[in-house]
Amino acid sequence: MLRWKYSRPLLGLLIALLALAPMLGGNPLSRPGLQQTMAVAFLWGGLALTYDLLFGFTGLLSFGHSLYFATGVYVTCILINHHVVSWWLAGLISIAVSAFLALLVGAASLRTSGITFAMVTLAFGEAGHVILERNFFNLTGGENGIALNADRIPSFWISVANTKFIYWSALAALILTYAIIWWVTESSAGRVFAALRDNELRVQVLGLNTQRFKLLAFVISAALAALLGDVMLLAAGSAAPRFADAGVTISLLLMVVLGGAVTRWGAVIGGIFYSIATTRMQDLTQQEAFKTIPKWIGGPISEPAFVLGLLFIFVVMFAPGGLSGAYYRLRLRAITKKSR
Amino acid sequence: MDTFILIGITGIGLGALYFLIASGLSLIYGLMGVLNFAHGSFLTVGAFVGYWIASKMGFDITLPKFIFAMIVGGLAAGLFALLIEQLLITRLYERHIDQALVTVGVSLVVGAVLGGWFGNDLRMFPTPVWFSTAITIGGARIPADRAVYIATAVLLLVGNWALLKYTRIGLIIRAGVENRNMVNALGINVQRAFSTVFFLGGFAAGVGGVLVSVYSNGVSPLIAGTYLIYGFIVVVIGGMGSVPGSFLAAMMIGVIRQFANYYATGLGDFVVVILLAVVLLIRPQGLLGKVRA
């Protein structure tokens, strides 16, 4: 067994600590600033995990995943702002809409595979982005997006003093996503997903409908992305076209590859790390010491994409498997050494 | 009628820009199976080098000087593409997904470096005065720069065709697109064909970058964004590995997009995606693509 025997109790302890920290004073997490940063980081961790279900577990390189995340954000925001339904029903409807959209787009784009699939999903995702930016029927607010009407959601999610509730919501959404993806990937359907990734022809020969299983993975990950989008709407307070940008999907890809695909926790750590790194790196470049670096080198470094992009190239070239892959390799080496 | 001609020719001009990007993408994919996300950064590198040369020559630039800047931009992008291929792509031989991932990394790094150096604001690209005059065709007054896009795209198409048809390396490239293992087995060095294709694709993208920055009134690290995505769409609709297919699809998409946008702003992008979906449902291999064994 590659799993460390204390990993599960320690994970439970960590989650308990993270959940309780905002209530106990005197630690960094009792400040709303860090709560907000961590809430967003948890959501990115969850999103990276939904992407891992596609890319890592099923082998589908989709470049249009942001579409389903943005559907969650936008549909909920529009339904709440226009007084259509109450906030919780709006959230549920957005998940259903996202799943249905994934069903349609998936049915068309899964006719292709591999690299073509990547291009096609990219095109569909970008079309969604364009539609959101154009403000059709005056619903999406164009390039500025739409602010969430705070009167229509429970008051405990409003105001800076209540950031801890957003933090808990994000943590809960991450745990729920993790649990569902754990259940899916360990189920018999999850075995088929892995088989599709490793040898699609063989699955076909076994008489299974490969398209249907791929579509299932596509729809599940879209629905979960919409769920995380609902919470992101609370954390961001508005729906903006940047959530639908192809850059979002590329970030998710980076998170999964840096953290390591197919291990679940790798994607989550990758997402949390990436999210914190992009926010903190900007603070770092504001410091005095940084200004002494000449501009031709300081300019690129101040862009998070530079460092993360280089790190990403390094991992793809020399350390496939990312962080969690490296961990399991070390573990394997330790175990084989012991048994010898 | 004259609006009809104006929109049609503008559409063809836009299609010409798409073709410049898609031709390289299509050949690179057809020959090596590499989904090249770095193609957008080839375009940006070409645009910036072209801008650098052109702005050194002052703002009252003439057509030959502009063409010179455009060719230097193209060459720089071609060399950059060659560098990326030699440094990164060849080391990930046959690992297609990883190759695509590495090019994603390259596009991020190049975007960040250019953004860090020059900022993300548009910089005026010096163009000959002649570009902003109008030509009259069939009663329609058409901006002259459209003619430059179309002429460049046609020249590159013909050049591409001649190279593929009449040279030895072109023959190897065509055979490689058809069946690479067979070419390898015959003892022919396909690696050189790979490098050639990367250089040519980078060159076309660099030239395209200069023209894109004329079309969008300036150069910035962000100009490549939508063009790369349209390049992908063109490649899928035209058929992977088919340069004439890319040309046909690029023209079609440029014209359709302009007409749809004329009747309702923003409708163009939507129609193009619908078209993509229809093509995928009816002809998944694209217009002129061959079914892969």
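Residues numbered from 1 in each chain as written. Chains lettered and ligands numbered in written order. Predicted model: local features only at pLDDT ≥ 70, side-chain atom pairs only at ≥ 80, totals over all residues.

### Here's the deal with the overall build of chain B
Counted only if it meets this: Each helix corresponds to a stretch of at least 4 residues labelled H or I by DSSP, and each strand to a stretch of at least 2 residues labelled E; elements are numbered beginning at the N terminus. Our radius of gyration looks at C-alpha atoms and nothing else; its globule reference is 2.2 Å times the residue count to the power 0.38. In this scheme the burial state of a residue depends on its C-beta neighbours within 10 Å: 20 or more other such atoms mean buried, 12 or fewer mean exposed, and anything in between means partly exposed; the C-beta positions come from the backbone.
Of regular secondary structure, chain B possesses 11 helices and 2 strands. Along chain B, helices and strands appear, N-terminal first, in the series α-α-α-α-β-β-α-α-α-α-α-α-α. Radius of gyration (C-alpha) of chain B: 19 Å, near the 19 Å computed for a compact globule of 293 residues. A burial count over chain B gives 55% of its 293 residues as buried.

### Looking at the overall build of chain A
Within chain A, the regular secondary structure consists of 15 helices and 2 strands. Each of the three principal axes of chain A carries a C-alpha extent, and together these read 60 × 50 × 45 Å. Looking at chain A residue by residue over its 340 residues, the buried ones come to 47%.

### Points about the interface of chain A and chain B
This is how it is decided: Remark: residues whose backbone-derived C-beta atoms lie within 7 Å of one another are considered to be in contact. Side-chain classes follow a simple rule in which Ala, Val, Leu, Ile, Met, Phe, Trp, Tyr, Cys and Pro form the nonpolar group, Asp, Glu, Lys and Arg form the charged group, and the remainder, Gly included, forms the polar group.
Each partner contributes to the interface: chain A provides 33 residues, whereas chain B provides 35 residues. When residues of the side of chain A that touches chain B are traced back to their parent elements, those giving at least two are helix 5 (114–134), helix 10 (246–259), helix 13 (295–301) and helix 14 (304–318) of chain A. No other element matches helix 5 of chain A, which puts 13 residues into the side of chain A that touches chain B. In the side of chain A that touches chain B, the residues fall into 24 nonpolar, 5 polar and 4 charged.

### Some points on the pairing of strand 1 (residues 134–137) of chain B
All names here are of chain B. Filter applied, for reference: Only when DSSP finds a minimum of two bridges between them are two strands counted as paired.
Here strand 1 pairs with strand 2 (residues 140–143) via 4 bridges, running antiparallel. Within the sheet, the bridge partner assigned to Ile135 lies in strand 2 and is Ile142. Taking the residues between adjacent antiparallel strands as the criterion, strand 1 and strand 2 are bridged by 2 residues, where Gly138 takes a positive phi near 55°.

### As for the nonpolar core
Note the following rule: Each nonpolar core comprises buried Ala, Val, Leu, Ile, Met, Phe, Trp, Tyr and Cys residues, the members being joined through C-beta atoms within 7 Å.
Counting 204 residues, the largest nonpolar core has Leu43 and Ala123 of chain A together with Leu20, Ile233 and Leu276 of chain B as the members making the most contacts within it. The element that contributes the greatest number of residues to this core is helix 1 (residues 2–32) of chain B, accounting for 17 residues. Dropping the residues within four chain positions of it, Ile233 of chain B is found in contact with Ala123 of chain A together with Ile253, Val272 and Leu276 of chain B.

### Structural notes on the packing of helix 2 (residues 39–56) of chain B against helix 9 (residues 224–238) of chain B
Residue and element names in this part refer to chain B. Short version of the rule: Every angle, taken between N-to-C directions, lies between 0 and 180 degrees, and every axis is a line fitted to C-alpha atoms, over only the stretch in contact when it is a helix. Any angle between 65 and 115 degrees counts as roughly perpendicular, while under 35 counts as roughly parallel, over 145 as roughly antiparallel, and the rest as oblique. Crossing handedness follows the turn of the near helix against the far one: under a right angle anticlockwise gives a left-handed crossing, and clockwise gives a right-handed one.
Where helix 2 contacts helix 9, the axes come no closer than 9 Å and their chain directions differ by 135°. The pairing of helix 2 with helix 9 is recorded here as oblique in orientation. Crossing angle aside, the handedness with which helix 2 passes helix 9 is right-handed. Taking contact as the criterion, the partners of His39, Gly40, Ser41, Leu43 and Thr44 in helix 2 are, on helix 9, Ala224, Gly225, Tyr227, Leu228 and Gly231. Residue classes in the contact of helix 2 with helix 9 are distributed as 4 nonpolar, 6 polar and no charged.

### Re the packing of helix 1 of chain B against helix 9 of chain B
Residues and elements named next belong to chain B. At a closest axis distance of 8 Å, the pairing of helix 1 and helix 9 adopts a crossing angle of 60°. Regarding the angle of helix 1 to helix 9, the classification is oblique. Crossing of helix 1 against helix 9: the hand is right-handed. For the pair helix 1 and helix 9, contact is made by Leu17, Tyr18, Ile21, Ala22, Leu25, Ser26 and Tyr29 and by Tyr227, Leu228, Tyr230, Gly231, Phe232, Val234, Val235 and Gly238, respectively. Classifying every residue of the contact of helix 1 with helix 9 by side-chain character gives 12 nonpolar, 3 polar and no charged.

### Here we look at the environment of Val207 of chain B
All names here are of chain B. Along the chain, Val207 falls in helix 8 (residues 190–215). In sequence terms Val207 and Ala153 are 54 residues apart; their C-alpha atoms lie 9.6 Å from each other. Each residue touching Val207, except ones within four places of it in the same chain, is listed here: Leu20, Gly46, Met70, Gly73, Gly74 and Thr152.

### Here's the deal with helix 11 (residues 267–282) of chain B
The line we're drawing: Multiply 1.5 Å by the residue count of a helix minus one, and that product is the helix's expected span.
The terminal C-alpha atoms of helix 11 of chain B lie 22 Å apart, and with 16 residues this matches the ideal 22 Å at 1.5 Å per residue to within 8%. Every buried residue belonging to helix 11 of chain B is among Gly268, Asp269, Val272, Val273, Leu276, Ala277, Val279 and Leu280 of chain B, and all of these are buried. On its buried face, helix 11 of chain B is in contact with helix 4 (87–109) and helix 5 of chain A together with helix 9 and helix 10 (243–263) of chain B.

### Points about helix 2 of chain B
Residue and element names in this part refer to chain B. With 18 residues, helix 2 extends 26 Å from end C-alpha to end C-alpha; this agrees with the ideal 26 Å at 1.5 Å per step. Judged by how many residues are buried, helix 2 sits mostly within the fold: 15 of 18 residues are covered. Gly58, located one to two residues past helix 2, shows a positive phi value of around 85°.

### Here's the deal with unusual backbone geometry
In this model, Val262 of chain A sits at a positive phi of 65°, which is unusual for a non-glycine residue. With respect to the element layout, Val262 of chain A can be found in the loop between helix 10 and helix 11 (265–285). C-beta crowding within 10 Å serves as the criterion here: with 19 such atoms nearby, Val262 of chain A is assigned to the partly exposed category. The residue Asn217 of chain B is not glycine, and still its phi comes out positive at about 65°. Among the structural elements, Asn217 of chain B can be located in the loop between helix 8 and helix 9. With 11 C-beta atoms counted inside 10 Å, the residue Asn217 of chain B sits in the exposed group.

### Comments concerning the confidence of the model for chain B
Stated formally: Confidence of the prediction at every residue is given by pLDDT, a number between 0 and 100.
Confidence along chain B averages 86 in pLDDT terms, with 98% of residues attaining 70 or more. Across the predicted assembly, pTM comes out at 0.87 and ipTM at 0.83.

### Describing the confidence of the model for chain A
Confidence in the prediction of chain A, expressed as mean pLDDT, is 87, and 98% of residues score 70 or more. Model confidence for chain A, summarised as mean pLDDT per element, is weakest for helix 12 (residues 288–291) of chain A at 66 and strongest for helix 9 (residues 210–236) of chain A at 94.

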